[in-house]
Amino acid sequence: QTAYDFFGSHQAGITTPVQEHLHFASFDMMPRTDRDDLISLLQDWSYAASRITQGLEVSATGAVGGDAEEPPDDTGEAQGLPAAGLTITIGFGPSLFENEDGDRYGIADRRPASLQRLPAFVGDDLDPAHSHGDLCIQACADDPQVAVHAIRNLSRIAFGRARLRWSQLGFGKTSRTTSGQATPRNLFGFKDGTANILADDAKALEQNVWVAASDDPGWMAGGSYLVARKIAMLIETWDRVRLSEQDTIIGREKGSGAPLSGGGEFTAPKFSGSAIDANSHVRLAHPDQNDGIRILRRGFNYVDGNNELGRLAAGLFFLSYQRDPQQFITLQKRLSTDLMSEYIRHIGSGIWAIPPGAKSGSYVGAGLFA
Ligand code: HEM
């Protein structure tokens, strides 16, 4: 069974081979909390995360080893389960750096200039109940119970300091992040993640994903920026679309994942004079159309039950990591004429600065307070 180190130069959960399940959570700090509350929360989260990612309980006494007259430290549903490849990735939203009391945490002057709420995009239909947040935690694991146990316990640890604002369960990764992984499929039935940035492509990661030491601010070096978009997919409508039209919309063949310009799944698409439509998703999102911009995608499928018309409330919980939020903004603007737009709705959104990984024994975000 796989266990990933929580400590390291980058946070785990970015280039880590994408796991099968996601529990993503956004938090807001409680009113009247101060800098010490924020620091102690990050320390407590980091300590618990360093344990649960190794298949341990949140504390040494755990679910049943403590005083029988006290509530247990650990909620207990992961007893006997392995680490299941759990990664915990922690981020800071724009609102953490600005609050009604002024600079409550003493960090306003350390805010990354590019950490701003995303601009409105064509077709946005955002629900505030599924958007934004002071802090985020991405928990990914190969066992859904392990991912949920992580968010449940980290929320509990936050009691009095931060509270859950919204959360999202995801299943079935929609990207691959290593060349060893086969390309999974999204709920449109297409291979997703073919042209993703992979963990073994150090140059692409350096250029497109990790904040460099020469970028501002210094405390973010080795970190990244996370964009989350909850994208509803109108799958019943999609399922009535002819196969050839589905291929045209994406710009790739549904079966093989090959570009419509020919070749196999991993053949580079050719756009000029080819069968790839000018407004297909792949053409608009391709680096050739966007000054070479690339992002690391790490999304998951979701199904949140169904609506009153008997349609599945399904979609893609899109997650992308980039060195600068502008990479996502440029791509999302370019996708305004995407043929796929008719079949999707962006209903949730958030952006967070993902600080570098913590040194062993330290905590995530320590550099922000140094
Ligand atoms: C490629 C699906 C939203 C950026 C692809 C591919 C599929 C796909 C099937 C082709 C295979 C691949 O290379 O991964 C979807 C679906 C979406 C969605 C179903 C929404 C429900 C987005 C968004 C962005 C994005 C919001 C960024 C703003 C990309 C990029 C590529 C890609 C950069 C690779 C293009 C290339 O280099 O060839 N997507 N996508 N996608 N998508 Fe999306």
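Each remark here, short or long, concerns the structure printed above.
All values reported here derive from a predicted model rather than from experimental measurement.

### Quick word on the packing of helix H1 (residues 35–52) against helix H2 (residues 144–157)
At a closest axis distance of 10 Å, the pairing of H1 and H2 adopts a crossing angle of 155 degrees. Between H1 and H2, the interaxial angle falls into the category roughly antiparallel. The two elements H1 and H2 meet at a crossing, and its hand is right-handed. Residues Asp44, Trp45, Ala48 and Ile52 of H1 lie in contact with H2, whose contacting residues are His149, Ala150, Leu154 and Ile157. Residue composition of the contact of H1 with H2, grouped by class: 6 nonpolar, 1 polar and 1 charged.

### Section: the coordination of the iron atom of the ligand
Only one protein atom coordinates the iron atom of the ligand: His281 (NE2), located 2.0 Å from the metal. In this structure, His281 sits in helix H6 (residues 281–285).

### What about the site of the ligand?
By nearness alone, 27 residues border the ligand, and Gly193, Thr194, Ala195, His281 and Arg297 come closest of all. Between the ligand and Asp192, the relevant distance is 3.5 Å, taken from an oxygen atom to a side-chain nitrogen or oxygen of the residue. Contact between the ligand and Arg297: an oxygen atom at 2.9 Å from a side-chain N or O atom of the residue. Where the shell around the ligand is concerned, the elements lending two or more residues are strand S5 (224–233), H6, strand S8 (312–322), helix H7 (325–334) and strand S9 (344–354). Grouping the constituent residues of the shell around the ligand by class yields 16 nonpolar, 7 polar and 4 charged.

### Side note on helix H5 (residues 243–250)
Residues of H5 that are buried include every one of Gln246, Asp247, Ile249 and Ile250, and no others. The buried side chains of H5 occupy one side of the element, clustering within an arc of 160 degrees when seen end-on. Structurally, H5 contributes buried residues whose contacts are with helix H4 (235–238) and H6. Count one or two residues on from H5 and you reach Gly251, which has phi positive near 95 degrees.

### Considering the pairing of strand S3 (residues 135–141)
A large share of S3 lies buried, amounting to 7 of its 7 residues. The sheet contact formed by strand S1 (residues 21–29) and S3 spans 7 bridges and is antiparallel. In the sheet register, Phe24 faces S3, and the bridge partner there is Gln138. Both strand S2 (residues 87–92) and S3 contribute to a ladder of 6 bridges, which runs antiparallel. The residue bridging Ile90 from the neighbouring strand is Ile137, located in S3.

### Some points on the nonpolar core
Among the nonpolar cores identified, the biggest contains 71 residues, and Leu38, Trp45, Ile88, Leu96, Leu135 and Phe188 are the most heavily contacted of them. The element that contributes the greatest number of residues to this core is H1, accounting for 8 residues. Excluding residues that lie within four positions of it along the chain, Ile88 makes contacts with Phe6, Gln11, Ala12, Ala49, Ile52, Thr53, Ile137, Gln138, Ala139, Ala150 and Leu154. With 23 residues, the next largest nonpolar core counts Ile14, Val18, Ala228 and Leu319 among its residues.

### Some points on H2
The terminal C-alpha atoms of H2 lie 20 Å apart, and with 14 residues this matches the ideal 20 Å at 1.5 Å per residue to within 8%. Along H2, the positions that sit buried rather than exposed are Val146, Ala147, His149, Ala150, Ile151, Asn153, Leu154 and Ser155. Buried residues belonging to H2 abut S1, H1, S2, S3 and strand S4 (162–173). At the N-terminal end of H2, a side-chain oxygen is found 2.8 Å from the backbone nitrogen of Gln145, two or three residues along, and the residue is Asp143.

### A short note on the pattern of salt bridges
Per the counting criterion, the structure on display carries 10 salt bridges. Across the pair Lys191 and Glu265 runs a salt bridge whose closest N-O atoms are separated by 3.2 Å. Of the two residues, Lys191 sits in the loop between S4 and helix H3 (202–208) while Glu265 sits in the loop between H5 and H6, which places them 74 residues apart along the sequence. Judged by relative accessible area, which is 24%, Lys191 ranks as partly exposed. Here Asp215 and Arg323 are joined by a salt bridge, their closest N and O atoms 2.8 Å apart. Here the residue Asp215 occupies a position in the loop between H3 and S5, and Arg323 occupies one in the loop between S8 and H7, the gap between them amounting to 108 residues.

What counts, and at which threshold
- Residues numbered from 1 in each chain as written.
- Predicted model: local features only at pLDDT ≥ 70, side-chain atom pairs only at ≥ 80, totals over all residues.
- Heavy atoms only, no water.
- Axes fitted to C-alpha atoms, helices over the stretch in contact; angles between N-to-C directions.
- Helix = DSSP H or I, 4+ residues; strand = E, 2+ residues; numbered from the N terminus.
- Parallel < 35°, antiparallel > 145°, perpendicular 65-115°, else oblique.
- Left-handed = near helix turned anticlockwise from the far one by under 90°.
- Contact = heavy atoms within 4.5 Å.
- Nonpolar A, V, L, I, M, F, W, Y, C, P; charged D, E, K, R; others polar.
- Donors = N, O, S within 2.8 Å, 3.2 Å for Na, K, Ca; no water.
- Near = heavy atom within 4 Å.
- Polar contact = N/O pair within 3.5 Å; in protein donor to acceptor, adjacent residues only side chain to side chain.
- Buried < 20%, exposed > 50% of the residue type's maximum accessible area, 1.4 Å probe, protein only.
- Arc of directions from axis to C-beta.
- Pairing = 2+ DSSP bridges.
- Core = buried A, V, L, I, M, F, W, Y, C linked by side-chain atoms within 4.5 Å.
- Expected span 1.5 Å × (residues − 1).
- Salt bridge = Lys/Arg side-chain N within 4 Å of Asp/Glu carboxyl O.

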